[in-house]
Amino acid sequence: MAFPAPSSSSPRRRGRGLAYLLVSVLLLASRVPGAAGTDSEFEDGVSPKFPGCDNPFQKVKVTYWVDGDERSSLTGITARFGEVLPATGSDGDKRKAVVPAPKTGCAKSSAPLASSIAVAERGECTFLEKAKTAESGGAAALLLINDEDGQVLRVDLQKMVCTQNDTVPNIGIPVVMVSQSAGRKILSGMDGGAKVDILMYAPEKPSFDGAIPFLWLMAVGSVACASVWSFVVVGDEDKNAPTLGGEEAADSEIVELQTKTALVFIVTASLVLLFLFFFKSTWSAWLLVVLFCLSGLQGLHYVASTLIVRACDRCREAKVALPVLGNVTVVTLVILPLALIFVVVWAVHQNSPFAWVGQDLMGICMMILVLQVVHLPNIKVATALLVSAFMYDIFWVFISPFIFKKSVMITVARGSDEGPSLPMVLKMPKEFDTWNGYDMIGFGDILFPGLLVAFSFRYDRANGKDLTDGYFLCLMIGYAFGLSCTYVGLYLMKSGQPALLYLVPSTLGTIVTLGAKRGELSQLWNAKV
């Protein structure tokens, strides 16, 4: 069945303010890496290994009790040297925490350490010297507190290694480091003479990650749904869903990206990324949350209102005259307060175990709206945008560590303990993982290829093509294949993957190859849809 040609009336229009807000979200989303790496693997192929100092780095779960009251588990990382921790808590030993004197643990402690876990601060001497001193004092393990804020796993990892000048003894106790903020929690628990017990173990990553198939379905489904939304749900393109402010603004318009705009887009995204890398703070994280909430509110309203109007055509015309606002549709009066309540509840409880459901719902609705407002007119602009984004991803993930000592994109995307977590991602909890972490995919890895997929759908409609001889179905298959390759790469490389590395060739490469084979490349290159 061929797609019907679009009507001659103007496409669905939104206000300029809304359009620019959504473009801003698209810009910010472009800095998020495609998939989160496994949280239990830290091998980088660079950290030195020597006999007696060649342990694999392990992510450690540090559980502690204050006077018998169990507190939230903390996270640490093991050293290259020392005894390997057990994989389960049942195989470990709960031991009393003792702060050595001096507290840096660089000299023999005047406080008894026998059979305890020595909790020492970083500084004044090497990691090896601290470990030797703690072991000679009878400690069963050494827990070091980093001297930097943020999670130890997210601030240079602070890997405890040996150098060629070190004489590596056979350290027989585990050595673990936690962040400064985590260490403060343990030390504060010991205030007033309270007894603190600690249990440390290093859970292994499960072989099967059940969250990935669901995340894959969400991403592929979002692209497909957003591409066909105007045709399937909105219907005739001259029928507009209710807006947030009543009547349509006379100067509202679709944002049509151009070649220069696409290039400026990537340059600006790089500058934003560098700014957040060097000046990341709580306020910048909250700025992203506010932008996400505003765009999520717009997205929820748009999706809900178009669905209601689709089911009840008479609801489109029902309006109420309000002071200042003028004529406001009844649908807006009903949907907008409910959407606002939903967004506020999510913002207040965004750290709860089930907040990911609200974040994903707002994110999907927002991306559906973005792909109705922001359009690629042809593959000339698509090539400029996607190739730039492709190089952007590769540079800031793989090349930036050689310049900035760490991956700029992954460092910024992971954030720190301070402030809210990054909201510009779809996320799914790892139900089979002891760490109860999340698999994630950035909005940019859905929106950027989604712009091209949505273009292919409009192009097929404009040229009377069906699913068999058009481009839309092929690009959807290409996107699904590219995303699958992303997760295969994630599994094989054990580290975060820039999804556009796989998605750009599988989508842009598909339409260019098919266009050349069908003799329609020139038409696709200069199209105006």
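Since the model is a prediction, treat every value here as computed from it, not as a measurement.

**Notes on the environment of P213**
- You can see P213 is positioned in helix α4 (residues 211–234).
- Taking the C-alpha atoms as reference points, P213 and S484, separated by 271 residues in sequence, lie 9.3 Å from one another.

**Things to note about the pattern of salt bridges**
- This model, assessed by the stated rule, comprises 6 salt bridges.
- A salt bridge links D197 to K195; the shortest N-O distance between them is 3.9 Å.
- Owing to a relative accessible area of 11%, D197 belongs among the buried residues under this scheme.

**A short note on the packing of aromatic side chains**
- Scanning the entire structure with this criterion turns up 11 aromatic pairs.
- Between F278 and F404 the ring centres are 5.9 Å apart and the planes differ by 70 degrees, which places this aromatic pair in the edge-to-face class. Linking F278 in helix α5 (residues 259–279) with F404 in helix α9 (residues 379–404), this pair joins segments that are 126 residues apart in sequence.
- The class for F278 is exposed, based on a relative accessible area of 51%.
- Lying across the ring of W65, K94 places its NZ or CZ 4.3 Å from the centre.
- Geometry around Y471 places R518 over its ring, the cationic atom sitting 4.6 Å from the centre.

**Regarding the packing of α4 against helix α11 (residues 444–462)**
- Two elements in contact, α4 and α11, have axes separated by 9 Å at closest approach and are oriented at 40 degrees. The angle between α4 and α11 places the two elements in the oblique class. Judged by the twist between their axes, the crossing of α4 over α11 is right-handed. Packed against α4, whose contacting residues are A219, S222, V223, S227, V228 and F231, the element α11 presents I446, G450, V453, A454, F457 and R461 at the interface.
- The residue makeup of the contact of α4 with α11, split by class, is 8 nonpolar, 3 polar and 1 charged.

**Quick look at α11**
- With 19 residues, α11 should cover 27 Å at 1.5 Å per step; its first-to-last C-alpha distance of 27 Å lies within 8% of that length.
- Along its length, α11 reaches its greatest deviation from straightness, about 30 degrees, at G450.
- Counting buried positions along α11 gives 18 out of 19 residues, so the element sits mostly inside the fold.
- Immediately beyond the C-terminal end of α11, within one or two residues, lies G464, with a positive phi of roughly 65 degrees.

**Some points on the state of the cysteines**
- Counted by the stated rule, this structure contains 2 disulfides.
- C53 shares a disulfide with C162; S-S distance 2.0 Å. Disulfide C53 to C162: torsion about the S-S bond roughly 95 degrees, handedness right-handed. You can see C53 sitting in the loop between α1 (16–29) and β1 (59–66) and its partner C162 sitting in the loop between β6 (141–145) and β7 (175–178), a full 109 residues away along the chain. Of the two residues, C53 and C162, neither departs from the other in class, the shared state being buried.
- A sulfur-sulfur separation of 2.0 Å characterises the disulfide bridge that pairs C106 with C125. Handedness of the C106-C125 disulfide follows from its S-S torsion of about -90 degrees: it is left-handed. Placement of C106 in the loop between β4 (95–98) and β5 (117–121) and of C125 in the loop between β5 and α2 (127–136) is noted, with a sequence separation of 19 residues between them.
- Exposure remark for C106: the relative accessible area of 23% places this residue in the partly exposed category.
- Overall, C125 belongs to the buried group, its relative accessible area being 19%.

**Here we look at the nonpolar core**
- One finds L376, I441, L452, F455, Y479 and I511 to be the most contacted residues of the largest nonpolar core, which totals 95 residues.
- V60, V66, M190 and I198 belong to the second largest nonpolar core, which has 22 residues in total.

Rules used throughout
- Residues numbered from 1 in each chain as written.
- Predicted model: local features only at pLDDT ≥ 70, side-chain atom pairs only at ≥ 80, totals over all residues.
- Heavy atoms only, no water.
- Helix = DSSP H or I, 4+ residues; strand = E, 2+ residues; numbered from the N terminus.
- Salt bridge = Lys/Arg side-chain N within 4 Å of Asp/Glu carboxyl O.
- Buried < 20%, exposed > 50% of the residue type's maximum accessible area, 1.4 Å probe, protein only.
- Phe/Tyr/Trp six-rings, centres within 6.5 Å; stacked < 30°, edge-to-face > 60°.
- Lys NZ or Arg CZ within 6 Å of the ring centre and 35° of its normal.
- Axes fitted to C-alpha atoms, helices over the stretch in contact; angles between N-to-C directions.
- Parallel < 35°, antiparallel > 145°, perpendicular 65-115°, else oblique.
- Left-handed = near helix turned anticlockwise from the far one by under 90°.
- Contact = heavy atoms within 4.5 Å.
- Nonpolar A, V, L, I, M, F, W, Y, C, P; charged D, E, K, R; others polar.
- Expected span 1.5 Å × (residues − 1).
- Bend = angle between axes of the 7 residues up to and from the residue.
- Disulfide = S-S within 2.5 Å.
- Core = buried A, V, L, I, M, F, W, Y, C linked by side-chain atoms within 4.5 Å.

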